[in-house]
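# A structural walkthrough
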Amino acid sequence: MRKNRFHLTDLPSAVIIFIVVFVFFAVSAGGFFSAYNLASILTQSVIPCLLVLGVAIVIMSAGLDLSVGNVLTLSGVTCGLLLKAGMPVALAMLVGVLTGTACGFLNGFMVAKMKLPPFIATLAMMNIASGLANTLSQKKPVYWEREAFPILDTIGTGAVLGIPVFALIGVLVMAVVIFVFYRTRLRTNVYTLGGNEEVLHLSGVSVAKWKIVVFTLSGLMAGVGGVLMDARVTCADPTVGTGLEFAAVVGAVIGGNLQNVGKGNLFGAILGAITLATIRNGLSIMHMNNYWQMVLTGAILVIGMVIRELFVRIEHKKKLKEAEASA
Amino acid sequence: MNVKERIVDAVLKNALLLLLIIGVVVFALFNPGYLTLSNMTVIMKQASLLGLLGIAQCIIMLTGNIDLSVGATIALSTILWSGMIKNTAIPSAVPMLLITISGAGLGCLTGLITTKLNIPPFITTFATNYAYRGIAWLLVGSTIIYNLPQSFRFVGTDDFLGIPITIWFEILIGAAILILLKKTTLGRRIYFTGSNRKAARYSGIHTDRVIITAYMIGNAIAAFTGVLYAARLNAAEASIGASFSLDSVAVCLIGGCAITGGKGGVWGTVIGAIIVTAIKNGMNYVQVSSELQTLVLGLLIIIAVFFNQQVDKIQRK
Amino acid sequence: MEPILKLEGITKTFPGVKALDSIDLDIYPGEVHVLAGENGAGKSTLMKVLSGVYQPDAGTIYVDGKATPIPTPQAAEQLGIRMIYQELNLVQELSVARNIFLGHELYKNRVLGLLDFKKMEERAREILATLNIPIDPSVKIKELGVGQQQMIEIAKALSMDARIVVFDEPTSSLTDNEIEELFSLIASLKEKNIAMFYISHRLGELFEIGDRVTILRDGQKIDTKPISDITMDELIAKIANRDLDNLYPHEPVAPGEVVLEVKGLTNEKCKDISLTVRAGEIVGLSGLVGAGRTELARAVFGVDDYGAGEVLLCGKKVPKHNPRKAADMGISLLPEDRKTEGLALKLSIRENETVATLAQLFKNGWIRAGLERETAEKYVRDLEIATNSVEKSAGQLSGGTQQKVVVAKWLMTKAKLFIFDEPTRGIDVGAKTSIYSIMDELVKENAAILMISSDLQEVLGMSDRIYVMAGGAVQKEFAAGEATQAEVLKYAFQEG
């Protein structure tokens, strides 16, 4: 009987990167290590985390989703316009979320049924969502009657026990997703899709269906993110989502998911998103401009991958040594 | 093949061109101003720069890789070039050469990281995109450098024998790359590496070297194109080309490149660039907003790639 | 008693090859019906028709006497047909239990889709226990050895009600003990009236386990007989239908200098391997799947890395992990999987042929189209490659033709050592003989050949010397004429 051995490559490189980043800023940035600041990092990472979860799952299934940022924007704009037109809050938010979900579904359709490579399908969707969002909003932020929807204010700026409401909602959604992932067929089928699609087919499971599920889920997360963002910034801002898709992918990748197609770690992904938020926060405290953030993000990404590669090579050498020993 | 089959085959092979012609006719019907010589010239001029970027990306995509940092390379290139041309005594070719060589250097770095460190090109060039863009910002902040000396700018603005110089460059570089790809052993290795990297290695091809070379050539061309952009726009700033990376990928895809490599070429990419430019220009004439144009670009990508895939399937039978 | 399954007139054609030609077959509950035949005879194709992966072009399938089409793998599953393939269909990163229940998980709450992990693990434990498989169901597949994974594959197939089970080369990676367990498992399945098809190259097994045997050759059914009514010689004769001499046109040539010398090569899959191949020799490398032969070939050629040991070509050291260098020195590798490792399917025959010799043919880097075409056409003629144009894409060719293109590629390099990995797998008989002739020609011109093959007849018929590998190590070396099938098999089954 053999128990599961610990492989160095199972450890998300996110942990190491996060620790390094955190320690760096704790030491160099005055005021970084305060409870208030740390809490602020967490709240800033809620929406990116939502996106990261969706993207990580897609990546695990050997796919890719570049559209989440603009889909988030589109969802937010849709919701905003409906609110402006006077639609009840719950309904408008629902439609916003459904918009994101629909975009995700279309992505899945293009990949699973039209057999377009995910890069291309989601790239196209990125453009389509952006075009739609900008057209609908006329490239200007959409405002609604704030007094008519006090609940939005509560969500956006209110707090329970010191925790912002929108963060609570975001965490709740994430918890549901994580729960569903680990406790239903989702994880099994996603891993199988990523590891060996054919096996899934031979086991009688519809590959197309689950590919669509995965992309739809990612779109759903973007939809939720868009609606929450509306609440948080009290308007539907058509520029808010730009670049978020890349942050989501980066987060998922730092979390070790790109190299681990067919296996993967949602917690690593979340940690990746938090790491990025930490960097942004730390740099702004140190009064270094955003441009450094860009350079740093790029560098960290490469370092993260290098660490992973290092682990892989160490494991490989270990295996070689074991083989030689028993020869 | 009988006559009917021949026609179908010819249509499929030249589908892109036909699409272009149809598109042009449609726009002309809506607004006759579209079909004037001066407008056509504008389109070809704009398309030439996009085409060069597409060619740069195409070489890289043929090996099965991708480069998301071409936009940032352009920005850096414009900034560095504008710095170099302050001394108007230098012959104009020198800064251009230097920039092109630096581009090759950047490409070499990208290639090395991707192949030796086993990092997926998507990630590497994503990272370098951020990094280079950040460096560009750090160099000049949000200043726009303008009023560049005309003695250097002429490459982007003037004509030679009646044809804009940028188009000349596109023809020359396009032809050179076309020859490289189709007629040299390096080109053959590029196609083979993209078509089946494993088989390429098993056949003795140094796939790493091939990929690094592709990145070097691609980035050199991209850097060179950056000079042309700065020359044409009379401006150099850090935010140039934010969408260029994905635009160049789109152009390649529309022109028939496979994202996995091994398929595509200069012709398709150049036509792809012309199609995109012509349609964007046409939409301007028909008063379509630029936001909707982005949407149309997205749809265009889907249609073109889907179409290319179907054609491939049919031809395979 | 009525047959539980009857196949009538099953025909299946692929481009260039008629895989199945009007096959009739039936099987009774509780029967072990053995399928015998060479590689490419149609056994696997027939079973794929049965399992719903392929659709027959003609013919009818009767289940329990009723005509029943089997359009999808799911349909086959619902009929109680279970396939146990050679290629493992397991998800490496998931546990044994989750793999067993893949596609038919156990739920705590069906509506919400919540899985019952505990129950699945318990049930998995039960199933494994009934099959006497001592593996913990919570272990991830990637932690298990190939033999163990195969056992899990079997457990997976039996986890739901099975009426017909197909074993496709089940013992290729099993140890002696595991084979015993498999056979007692089969015996217990017989008692449960489960019908079983059993495909294996190990003819000895067929006699041990089979009730009836059906022999396939070139897509046709040759005969069906009770095992007790046929002898081993008769069986071999029906399978091959040729004098061994005619099938394998190899005349030994006096061996020359040592071309390849491997000393103590060790890596993950290879344990301290040493062997030699001389000019003019065809050295056969025999063994079961997973014995490490392909890994050795890859290490020698440089696709894989290795730790200890060295490789010498004509006395000169071959650098590790550098296929270009190896090719330049004169080593060639014709890989196991020609489609994914040997050819760029979208490129033409011409382009595939010349890819390894680009530097030699076109010294200054400029491709001369005329020269390239002529050279490609010359090799197409010499090797009798079945095509009317060198511009055809490699993906459109039949297996045998593709293999010839790979051979042409390496012939062009004027290599000194040819490593053939399963040279005639999945190739029709005509092309096979053709390839054997080519190999014969090669050694007559003083090349050295290392031939890896799982086809025992092929190894025995073509080799001058034979190395038998098992468990990653060389178990035995046979000189010309010394080896018999039984002897080779004996060593092939050893553990490392």
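This report concerns the structure included in the present document.

Attention now goes to the pairing of strand β16 (residues 310-313) of chain C. All names here are of chain C. In this sheet, β16 lies alongside strand β13 (residues 258-265) in antiparallel orientation, the contact comprising four bridges. Each bridged residue has a counterpart across the sheet, and for K263 the counterpart in β16 is E310. Here β16 runs beside strand β17 (residues 316-317); their pairing, made up of two bridges, is antiparallel. Looking at β17, one finds that L312 is bridged to K317. From the end of β16 to the start of β17, which pair antiparallel, there are two residues, and C314 there has a positive phi angle of about 50°.

A word on the pattern of salt bridges. What the rule picks out here adds up to 25 salt bridges over all chains. Close ionic contact of E341 of chain C with K198 of chain B constitutes a salt bridge, the shortest N to O distance being 3.8 Å. Of this pair, E341 of chain C sits in helix α12 (residues 338-342) while K198 of chain B sits in helix α10 (residues 197-202), each in a different chain. Using a relative accessible area of 45% as the deciding quantity, one classes K198 of chain B as partly exposed. One salt bridge connects D211 of chain C with K190 of chain C, and the closest N-O pair in it is separated by 3.0 Å. In this pair, D211 of chain C sits in the loop between α7 (203-209) and β11 (212-217) while K190 of chain C sits in helix α6 (residues 176-191), placing the two residues 21 residues apart along the sequence. Classification of D211 of chain C as partly exposed rests on a relative accessible area of 28%. Take K190 of chain C: its relative accessible area is 28%, and that puts it in the partly exposed class.

Below, the discussion takes up empty space enclosed by the protein. Taken as a whole, this structure holds five cavities of 30 Å³ or more when the rule is applied. Empty space within the largest cavity amounts to approximately 340 Å³. Where the lining of the largest cavity is concerned, the elements lending two or more residues are α9 (197-202) of chain A together with α2 (73-78), β6 (81-84) and α5 (146-158) of chain C. Grouping the amino acids of the lining of the largest cavity by side-chain chemistry returns ten nonpolar, five polar and four charged.

Residues and elements named next belong to chain C. In this structure, L185 sits in helix α6. Judged by relative accessible area, which is 8%, L185 ranks as buried. If near-sequence neighbours (up to four positions away) are discounted, L185 is found in contact with L131, I154 and L158.

Let us now look at the packing of aromatic side chains. Enumeration over the complete set of coordinates arrives at 19 aromatic pairs over all chains. Ring geometry for F25 of chain A and F32 of chain A: centres 5.8 Å apart, planes at 35°, overall tilted. The burial state of F25 of chain A is the same as that of F32 of chain A; both residues are buried. For the pair F183 of chain C and Y198 of chain C, a centre-to-centre distance of 6.4 Å together with 65° between the ring planes defines the contact as edge-to-face. Remark: Y198 of chain C occurs in strand β10 (residues 195-199) and F183 of chain C occurs in helix α6; sequence separation between them is 15 residues. We classify F183 of chain C as buried; its relative accessible area is 11%. An aromatic cluster is present here, built from F18, F22, F24, F25, F32 and F33 of chain A joined pairwise through their rings. Positioned above the aromatic ring of F478 of chain C is the side chain of K476 of chain C, whose terminal nitrogen or guanidinium carbon lies 5.6 Å from the ring centre.

So, about the nonpolar core. The biggest cluster of nonpolar side chains holds 206 residues, and the ones touching the most others in it are I57, F119 and L152 of chain A together with W81, I177 and I301 of chain B. Tallying contributions element by element places helix α2 (residues 35-60) of chain A first for this core, with 14 residues. If we ignore the near neighbours within four places in the chain, the residues touching I301 of chain B are I120, L123, A124 and N127 of chain A together with A250, L253 and I254 of chain B. Membership of the second largest hydrophobic core comes to 71 residues, among which are V311, A356, L397 and A408 of chain C.

The rules we used
- Residues numbered from 1 in each chain as written.
- Chains lettered and ligands numbered in written order.
- Predicted model: local features only at pLDDT ≥ 70, side-chain atom pairs only at ≥ 80, totals over all residues.
- Heavy atoms only, no water.
- Pairing = 2+ DSSP bridges.
- Helix = DSSP H or I, 4+ residues; strand = E, 2+ residues; numbered from the N terminus.
- Salt bridge = Lys/Arg side-chain N within 4 Å of Asp/Glu carboxyl O.
- Buried < 20%, exposed > 50% of the residue type's maximum accessible area, 1.4 Å probe, protein only.
- 1 Å grid on protein atoms, 1.4 Å probe; cavity = no way out; pocket = protein on both sides within 12 Å on 5 of 7 lines; lining within 4 Å.
- Points joined across faces, edges and corners; volume = space filled by probe spheres on them.
- Nonpolar A, V, L, I, M, F, W, Y, C, P; charged D, E, K, R; others polar.
- Contact = heavy atoms within 4.5 Å.
- Phe/Tyr/Trp six-rings, centres within 6.5 Å; stacked < 30°, edge-to-face > 60°.
- Lys NZ or Arg CZ within 6 Å of the ring centre and 35° of its normal.
- Core = buried A, V, L, I, M, F, W, Y, C linked by side-chain atoms within 4.5 Å.

Such coordinate-based values are descriptive only and should not be taken to indicate function.
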